[in-house]
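Topology and contacts: notes
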Amino acid sequence: MRSAIVTQPVNAAALLTEVASTANGALILFVGTVRDENDGRPVLGIEYSAYAEMAERELAAIVAETAARFGTSDIVVEHRLGTLELGEASVVIAVGHARRAVAYDASRHLLEELKRRLPVWKREGYADGSREWVDPSAHTPAHR
Amino acid sequence: MRSAIVTQPVNAAALLTEVASTANGALILFVGTVRDENDGRPVLGIEYSAYAEMAERELAAIVAETAARFGTSDIVVEHRLGTLELGEASVVIAVGHARRAVAYDASRHLLEELKRRLPVWKREGYADGSREWVDPSAHTPAHR
Amino acid sequence: MTITALLFASYADVLGRTSLDLTLGPGATVRDAIQQIRALPGGERLPPAPLVAVNLEYASAERRLAPGDELAVIPPVAGG
Amino acid sequence: MTITALLFASYADVLGRTSLDLTLGPGATVRDAIQQIRALPGGERLPPAPLVAVNLEYASAERRLAPGDELAVIPPVAGG
């Protein structure tokens, strides 16, 4: 297993190769990408920042916990920081497991833990020139 | 969306590229690979065969149903036939969606439907030289 | 009438062939065709009601057959 | 004792800086440190009990601080 906080573009296909093994019947690759809209507002790009030293430790801990819980060491995750354009990957998670159902569950568990715990922040840039920190925990009924 | 029954190796990374879009926040790639063991028996390789004309129609129908049900047309699937060695990909499913939860669900739904409906068969070759057709519907408590 | 039956995988193995022509009376159903196939040498190893497709689509045992139909007898599928 | 507090993202914006040194009495907790930060200009825009980490690990408001500790005040996270 391996995890990294990176500033260069993530090579998703390379991560998939890292978790391949003849003991695995299923490989799952999750790629989180910058999309052009959030809560109805046109988005032009996202700046990701982090408490980098802590994010590295926390990400490594999440990977180790997921490996132990789902019984596979074939897990690789990279989270990118910096200014990302539309369509660029912010996070890539690769999981390999003997069984497909467990591979899906492990991938999704890792993603949800990462979103809950990783000290990473994003500021969206909008078509009207404004920028805003995103708070996924905030309720914004007006934009739903 | 696109689906194909193929006889050449599947390029998983290329399928991922096909479903990328700035409207998508999540891309999921599932790769089913030949693993070295089944029910405790060492496996050396798998021969996949199909009722090819029907498999093509059925796979296209599953993709169209999944697209309608989960609200995305960014779905690409290829299923391979022929003799596959350990670690080779038998099926690759790429899904893109605005939302990660829906992307995971669509990918998994498509995989389960494919396993339930696609007229494809596999014969495993074992380390002792024997070969056997695999029946996933059979109960084999002795090997569990 | 004559219809073509296709056999695959383990079913082709037990019957020693991948296709055969069946001669059936008018109004014959999938069930009648399967009974004929199961009467052939090795055919007893097919289940009484296997999965079938007619003209590339899954069909029930009650489905009436028409001249020229392509009947496929489908062993337990194992794709993915 | 003196401890360093790190501020990030929206919290760094409202306080106009990314780090600051705090002088606290012996036995001071995370809660005491946060009260001091919230008394600074702009600090009232932080929640009363924000997420915090001490020395790279999430910590509770009751956590006692030691000289040289690195306290990070963590805005709502948004990774992925």
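How each quantity is defined
- Residues numbered from 1 in each chain as written.
- Chains lettered and ligands numbered in written order.
- Predicted model: local features only at pLDDT ≥ 70, side-chain atom pairs only at ≥ 80, totals over all residues.
- Heavy atoms only, no water.
- Helix = DSSP H or I, 4+ residues; strand = E, 2+ residues; numbered from the N terminus.
- Expected span 1.5 Å × (residues − 1).
- Buried < 20%, exposed > 50% of the residue type's maximum accessible area, 1.4 Å probe, protein only.
- Pairing = 2+ DSSP bridges.
- Contact = heavy atoms within 4.5 Å.
- Buried area = accessible area lost by both parts, 1.4 Å probe.
- Salt bridge = Lys/Arg side-chain N within 4 Å of Asp/Glu carboxyl O.
- Polar contact = N/O pair within 3.5 Å; in protein donor to acceptor, adjacent residues only side chain to side chain.
- Nonpolar A, V, L, I, M, F, W, Y, C, P; charged D, E, K, R; others polar.
- Phe/Tyr/Trp six-rings, centres within 6.5 Å; stacked < 30°, edge-to-face > 60°.
- Least-squares fit on C-alpha atoms with pLDDT ≥ 70 in both.

1. Some remarks on helix α2 (residues 52-70) of chain B
Residues and elements named next belong to chain B. The end-to-end C-alpha distance of α2 is 27 Å, a good match for the 27 Å that 19 residues give at a rise of 1.5 Å each. Taken together, the buried positions of α2 are M54, A55, E58, L59, I62, V63, T66, A67 and F70. Following α2 by one or two positions, G71 adopts a phi angle in the positive range, close to 75 degrees.

2. Observations regarding the pairing of strand β1 (residues 2-7) of chain C
All names here are of chain C. The pairing of β1 with strand β2 (residues 19-23) spans five bridges and is classified as antiparallel. Bridged to I3 within β2 is L22. Examined bridge by bridge, β1 and strand β5 (residues 70-74) share four bridges and lie parallel to one another. Bridge pairing links T4 to E70 in β5.

3. Digging into the interface of chain D and chain A
Facing the 18 residues of chain D at the interface are 25 residues of chain A. Between chain D and chain A, a total of about 1,800 Å² is buried, with carbon and sulfur atoms accounting for 61% of that surface. Three residues, L56(D), A78(D) and G80(D), lead the burial of chain D against chain A; their summed loss comes to 35% of the area buried on that side. At the surface where chain D touches chain A, the tally comes to two salt bridges. A salt bridge links R57(A) to E57(D), with the nearest nitrogen and oxygen atoms 2.9 Å apart. Counting every contact that joins chain D to chain A gives eleven residue pairs in polar contact (both at pLDDT 80 or more). When grouped by side-chain class, the residues that make up the side of chain D that touches chain A number twelve nonpolar, three polar and three charged.

4. So, the pattern of salt bridges
It is possible for side chains bearing opposite charge to pair when their charged atoms get close. If you walk through the whole model with that rule in mind, you get 34 salt bridges over all chains. R41(A) serves as the salt-bridge partner of E132(A), at 3.0 Å between the closest nitrogen and oxygen. Note that E132(A) is positioned in strand β9 (residues 131-133) and R41(A) in strand β4 (residues 41-50), a separation of 91 residues in sequence. In this structure E132(A) comes out as partly exposed when scored by relative accessible area, which is 38%. For D13(D), the salt bridge is made with R123(A), and the minimal N-O distance between the two is 3.7 Å. Remark: R123(A) occurs in strand β8 (residues 120-126) and D13(D) occurs in helix α1 (residues 9-15); the pair is interchain, linking two chains. Taking relative accessible area as the criterion, D13(D) reaches 46% and is therefore assigned partly exposed. Since its relative accessible area comes to 16%, R123(A) is described here as buried.

5. Thoughts on the packing of aromatic side chains
Here the structure, examined in full by the defined rule, presents six aromatic pairs over all chains. Pairing Y104(A) with F30(B) gives two aromatic rings, centres 5.6 Å apart and planes at 5 degrees, and the pair type is stacked. Placement of Y104(A) in helix α3 (residues 100-117) and of F30(B) in strand β2 (residues 26-33) is noted, with the two residues assigned to different chains. For the pair Y104(A) and F30(B), one class covers both residues: buried. An angle of 20 degrees between the planes, with centres 4.9 Å apart, marks the rings of W121(B) and F8(C) as stacked.

6. Let's talk about the pairing of strand β3 (residues 51-54) of chain C
Residues and elements named next belong to chain C. With four bridges joining them, β3 and β5 adopt antiparallel strand pairing. Counterpart to V54 in the pairing with β5 is L71. Pairing analysis gives three bridges linking β3 to strand β4 (residues 57-59), with the strands arranged antiparallel. Bridge pairing in β4 links A53 to Y58. Here β3 folds back onto β4 in antiparallel fashion, the turn holding two residues, of which N55 has a positive phi close to 50 degrees.

7. Digging into the side chain of T29(C)
Mapped onto the secondary structure, T29(C) falls in the loop between β2 and α2 (30-38). Those residues in contact with T29(C), other than ones at most four positions away along the chain, are A61(C), E62(C), R63(C), R64(C) and L65(C).

8. Quick notes on the relation of the copies chain B and chain A
The transform that puts chain B on chain A rotates by 180 degrees and translates by 0.0 Å along the axis, for an RMSD of 0.0 Å. What the superposition gives is, in effect, a two-fold axis relating one chain to the other. The C-alpha atom lying nearest the rotation axis in chain B is that of L29(B); the distance is 2.5 Å.

9. Observations regarding the interface of chain B and chain A
Contact with chain B, which involves 31 residues of that partner, is made by 31 residues of chain A. The junction of chain B with chain A conceals about 2,700 Å² of combined surface from both sides, 50% of it contributed by carbon and sulfur atoms. Applying the counting rule to chain B against chain A returns four salt bridges. In this structure, R100(A) engages E112(B) in a salt bridge whose closest nitrogen and oxygen atoms are separated by 2.9 Å. Between the two partners, chain B and chain A, sit 17 residue pairs in polar contact (both at pLDDT 80 or more). Looking at the side of chain B that touches chain A, the elements that each hand over two or more residues are α1 (12-18), β2 and α3 (100-117) of chain B. Sorting elements by how many residues they give to the side of chain B that touches chain A places α3(B) first, with nine residues. Of the residues contributing to the side of chain B that touches chain A, the split by class is 16 nonpolar, seven polar and eight charged. Note: strand β2 (residues 26-33) of chain A against β2(B), seven bridges, orientation antiparallel.

10. Some points on the environment of Y51(B)
One can find Y51(B) in the loop between β4 (41-50) and α2. Note: C-alpha distance between Y51(B) and W121(B) (70 residues apart in sequence) is 8.9 Å. Those residues in contact with Y51(B) that sit more than four places away from it in its chain are P119(B), W121(B), L6(C), F8(C), L56(C), E70(C), A72(C) and I74(C). Side chain to side chain, Y51(B) and E70(C) meet in a polar contact 2.3 Å long.

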